[in-house]
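The residues making up each chain are set out below.
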Amino acid sequence: YGILGAKYDDKQYGLPTTRDITLGFVQIPLLLKWRTGGEKTDFYIAAGPQLNALLSGKQEYLRDGKPAPVFNGIDVSKSDIKDRYQQFNCLLRVDLGLDFKLGAKWFMNVGLSGGYSITDANKAEWRFYNRTDDYYISHNFYGGLNVGINHIF
């Protein structure tokens with residue numbers, strides 16, 4: 001499970017505006033892992049695609065401290081915005097870290113993980129073009145720390 005999102009702090013129509021988006025995903029990675037090292041510790045690098053399945057989409061959108069007004073029939077400040085995003089998103093993922101051997105079939109891993117989506121996060125009807133008729137794909141990107149206990153079967 002992973003939580004991704006965005007935070008905006010700007011001005012709209014001369015008023016201070018904030019938007020905090022939180023998207024919850026089930027993350028399904030398919031990684032190739034290469035390990036090298038010694039008797040007690042291995043360095044690893046893992047890379048491959050990751051499918052993210054959207055479970056929830058929430059936002060808090062405030063203009064001048066209040067919910068923004070309805071614009072062109074769209075409630076821009078509604079809190080449940082899952083319907084504005086693709087149900088599935090594909091990322092390229094890379095992990096780097098260390099495996100610490102705890103026994104014959106047990107090890108602990110500590111590492112850094114990062115992913116970048118190669119597909120647009122927005123549904124087609126929520127893709128807005130600028131004044132020059134250009135659209136810029138909305139990508140998910142994340143980085144974090146992984147810690148885990150593993151058993152080899």
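Everything numeric here is computed off the predicted structure, so don't read it as measured data. (Residues numbered from 1 in each chain as written. Predicted model: local features only at pLDDT ≥ 70, side-chain atom pairs only at ≥ 80, totals over all residues. Heavy atoms only, no water.)

## Let's talk about the packing of aromatic side chains
Item 1. The tally for this structure, following the rule as stated, stands at three aromatic pairs.
Item 2. For the ring pair Y129 and Y135, a centre distance of 5.3 Å and an interplane angle of 50° mean the geometry is tilted.
Item 3. The lysine or arginine in question, K33, covers the ring of Y44, its NZ or CZ lying 4.4 Å from the ring centre.
Item 4. Cation over ring: R35 sits above F107, and NZ or CZ is 5.4 Å from the ring centre. (Phe/Tyr/Trp six-rings, centres within 6.5 Å; stacked < 30°, edge-to-face > 60°. Lys NZ or Arg CZ within 6 Å of the ring centre and 35° of its normal.)

## What to know about unusual backbone geometry
Item 1. If you check the backbone angles, Y13 has positive phi at about 55° while not being a glycine.
Item 2. Unlike most non-glycine residues, D133 shows phi in positive territory, near 65°.
Item 3. Tracing the backbone through its elements, the reader meets D133 in the loop between β7 (106-117) and β8 (141-151). (Helix = DSSP H or I, 4+ residues; strand = E, 2+ residues; numbered from the N terminus.)

## Considering a nonpolar patch on the surface
Item 1. There is a patch of nonpolar side chains on the surface, built from Y1, I3, V26, I28, L51, L55 and F88 and spanning about 690 Å² of accessible area.
Item 2. At the level of secondary structure, the elements contributing two or more residues to the nonpolar patch comprise β2 (15-29) and β4 (41-63).
Item 3. In this structure, I28 sits in strand β2.
Item 4. Overall, the relative accessible area of 48% leaves I28 in the partly exposed class. (Patch = residues over 30% accessible without salt bridge, like charges linked within 9 Å, V, L, I, M, F, W, Y side chains within 5 Å. Areas by Shrake-Rupley, 256 points an atom, 1.4 Å probe, with all protein chains shown as cover. Salt bridge = Lys/Arg side-chain N within 4 Å of Asp/Glu carboxyl O. Buried < 20%, exposed > 50% of the residue type's maximum accessible area, 1.4 Å probe, protein only.)

## Description of the nonpolar core
Item 1. Counting ten residues, the largest nonpolar core consists of L4, I21, L23, F25, L54, I81, Y85, L91, A121 and Y142.
Item 2. Looking at this core, the element that brings in the most residues is β2, giving three residues.
Item 3. Contacts of A121, omitting those with residues within four sequence positions, involve Y85, Q86, N89, S138 and N140. (Core = buried A, V, L, I, M, F, W, Y, C linked by side-chain atoms within 4.5 Å. Contact = heavy atoms within 4.5 Å.)

## A look at the pattern of salt bridges
Item 1. Inspection of the entire model under this criterion finds nine salt bridges.
Item 2. For the salt bridge of D20 with K7, the shortest nitrogen-to-oxygen distance reads 3.9 Å. Here D20 is found in strand β2, whereas its partner K7 is found in strand β1 (residues 2-12), with 13 residues between them in sequence.
Item 3. Judged by its relative accessible area of 29%, D20 is partly exposed.
Item 4. The exposure class of K7 is exposed, given its relative accessible area of 68%.
Item 5. A salt bridge links D95 to R93; the shortest N-O distance between them is 2.9 Å. The same class applies to D95 as to R93, namely buried.

Any link to function would need more than the numbers given here.
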